[in-house]
Amino acid sequence: MYPVDKLYQLANTLRYDTLKAIYTVQSGHPGGCLSAAELITVLYFHTLNIDPKNPKWEARDRFFLSKGHAAPILFAALAHRGFFDIHELLHLRLHDGMLQGTPNPKVPGCESVSGSLGQNLSIAVGCALAGKMDGKHYKTYCLLGDGEMQEGQNWEALMLAPKLRLGNLIAILDNNHVQMCGTTDEIVGLGDICAKLRAFGWNTIAVDGHDIQTLIDTFDALPDQPDGVPTILVADTVKGKGVSFMEGKAAWHGGAPSTEQWTQIEKELGGGSL
């Protein structure tokens, strides 16, 4: 178990390494990676039951990244957990590397291709149902973006999971309030998202998505009930968190920093492992 201060350091390192990869190849989606840094850190360095030496271990917890454009920070976490060499990050999206723009099952530690936004919660429902039917004890986690909550397929999955009593399913909504072309309120507002999710039958918990101790306590307190109510954490976050000129800006949904901007990033984040 890592102490909380170490986890904050790891989250900062994941931010730096993610942005170093995006800067190096001049391609990627930094904003949604940075908003998910603490969520990914707590999941991969505290909560998930996984084995980097045996990525397909049958008893492993399953994690699905539905907001697939945030793959670079998932890849950074997997590398730091020992699934593959950290320097693979510098070949992100390049023909000579194994890391594509979104997750891929060929990457050690990845469970699915994210595909078009809005698909992976449905995949996670199927995975959780399979575990329940087979009497397995793994849990299934799925990280969603708030922009993709405008996709109808998500709401079909949200209706189905409580019906199937998938208590082994935990969704996390990275609610950073900004998508590619503006704020979610400007595009298609989610309204009172917690009330909606509760109305659909989910155990709904609102959390600060950047407060690591709160995230640890919340994940640790989840009941171990495969035949129960699925849980969703609505994590309030900041798009581009950690880099002043990126925070809350739709312009940084996608795009790579310039050399001048990279110098500023190095000053603000203080370095990583790459």
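About the cut-offs
- Residues numbered from 1 in each chain as written.
- Predicted model: local features only at pLDDT ≥ 70, side-chain atom pairs only at ≥ 80, totals over all residues.
- Heavy atoms only, no water.
- Helix = DSSP H or I, 4+ residues; strand = E, 2+ residues; numbered from the N terminus.
- Buried < 20%, exposed > 50% of the residue type's maximum accessible area, 1.4 Å probe, protein only.
- Contact = heavy atoms within 4.5 Å.
- Core = buried A, V, L, I, M, F, W, Y, C linked by side-chain atoms within 4.5 Å.
- Pairing = 2+ DSSP bridges.
- Right-handed = clockwise from strand over helix to strand, strands pointing away.
- Lys, Arg positive; Asp, Glu negative; His and termini not counted.
- Salt bridge = Lys/Arg side-chain N within 4 Å of Asp/Glu carboxyl O.

The next thing to look at is the side chain of Asn120. Tracing the backbone shows Asn120 in helix α5 (residues 120-133). Judged by its relative accessible area of 0%, Asn120 is buried. Contacts of Asn120, omitting those with residues within four sequence positions, involve Phe64, Leu65, Ser66, Ser112, Val113, Ser114 and Cys142.

This paragraph deals with the nonpolar core. By size, the foremost hydrophobic cluster in this structure holds 49 residues, and its most contacted members are Ile40, Tyr44, Phe63, Phe75 and Phe219. Only α1 (4-25), α3 (37-47), β1 (62-65), α4 (71-81), β2 (140-145), β3 (169-175), α9 (212-221) and β7 (231-236) provide two or more residues apiece to this core. With eight residues, α4 is the largest single contributor of residues to this core. If we ignore the near neighbours within four places in the chain, the residues touching Phe63 are Ile40, Leu43, Tyr44, Leu48, Leu74, Glu111, Tyr141 and Leu143.

This next bit is on the pairing of β3. β3 sits mainly inside the fold: seven of its seven residues count as buried. Every second residue of β3 is oriented toward a common face, with Leu169, Ala171, Leu173 and Asn175 on one face and Ile170, Ile172 and Asp174 on the other, all of them buried. Taken together, the six bridges between β2 and β3 define a ladder with parallel strand orientation. Its bridge partner being in β3, Leu143 is matched across the sheet by Ile172. As a crossover connection, the stretch from β2 through helix α6 (residues 152-163) into β3 is right-handed. Judged from the six bridges that link them, β3 and β7 form a sheet pairing that is parallel. Considered in β7, the bridge of Ile172 is made with Leu233.

Checked against the element boundaries, Lys139 lands in the loop between α5 and β2. Despite its burial, Lys139 pairs with no opposite charge, the nearest such side chain being Asp224 at 4.6 Å. For Lys139, the residues in contact, after removing those within four places along its chain, are Asp61, Arg62, Asn168, Ile170, Leu222, Pro223 and Asp224.

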